[in-house]
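Listed here are the chains, written in short residue letters.
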Amino acid sequence: MTSPTLKVIDVFLAEPDREFYGLELRAATGLANGTLYKRLMDLEAYGWLESRWEYPDSDERAGRPPRRYYRLTREGAVRAREKAEGAARARARGGLRARLGTQGA
């Protein structure tokens, strides 16, 4: 799993029941729009995320474009946790290898 994808799923895993829209995710991950939205589209295609559009309907929200909100699906939460934990283990092994000066193992 790529580093940008891990950044995205980490945001969702921090608050798994919350919906996020693109600008929030961009701020939280530091990813460029093209990178972020490609990851969101992929995760939605895999069934890890679901989305919905919110259209401004009140005076207080007038003047802004519609927002697309994303949230983890149940399966997505399980799979994202598995991948995040696997990535953390791989980073830990890589750090240990670097400290020990080994290549494989």
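Residues numbered from 1 in each chain as written. Predicted model: local features only at pLDDT ≥ 70, side-chain atom pairs only at ≥ 80, totals over all residues. Heavy atoms only, no water.

**Things to note about the sheet that holds strand β3 (residues 67–72)**
To keep it simple, the criterion reads: Pairing between strands is defined by DSSP: at least two bridges between them are needed. For the purposes of this entry, the term helix denotes a DSSP run of H or I that reaches at least four residues, the term strand denotes a run of E that reaches at least two, and both are numbered from the N terminus. Any two residues having at least one pair of non-hydrogen atoms within 4.5 Å are treated as being in contact. Fitted lines through C-alpha atoms give the axes, limited to the stretch in contact for helices. The angle between two N-to-C directions lies from 0 to 180 degrees.
Strand order in the open sheet formed by 3 strands is β1-β3-β2, with antiparallel pairing between adjacent strands. Of all strands in the sheet, those bounded by a partner on one side alone are β1 (20–21) and β2 (49–54). Across the sheet, helix α1 (residues 3–14) lies against β1, β2 and β3, angled at about 75 degrees from β3, the strand it touches most. Lying on the sheet, helix α3 (residues 33–45) is in contact with β2 and β3; it crosses β2 at an angle near 115 degrees.

**Focus on the pattern of salt bridges**
The line we're drawing: A side-chain nitrogen of Lys or Arg and a carboxyl oxygen of Asp or Glu constitute a salt bridge if their distance falls within 4 Å. In this scheme, a residue with accessible area under 20% of its type's maximum is buried, one over 50% is exposed, and one in between is partly exposed, where area comes from a 1.4 Å probe on protein chains only.
Overall, the coordinates contain 7 salt bridges when judged by the stated rule. In this structure, K38 engages D42 in a salt bridge whose closest nitrogen and oxygen atoms are separated by 2.8 Å. With K38 and D42 both in helix α3 and 4 residues apart, this pair spans about one turn of that helix. Given the relative accessible area of 39%, K38 is considered partly exposed. When its relative accessible area of 21% is taken as the criterion, D42 is described as partly exposed. Residues joined by salt bridges that share partners form a network here, namely E15, R18 and E24.

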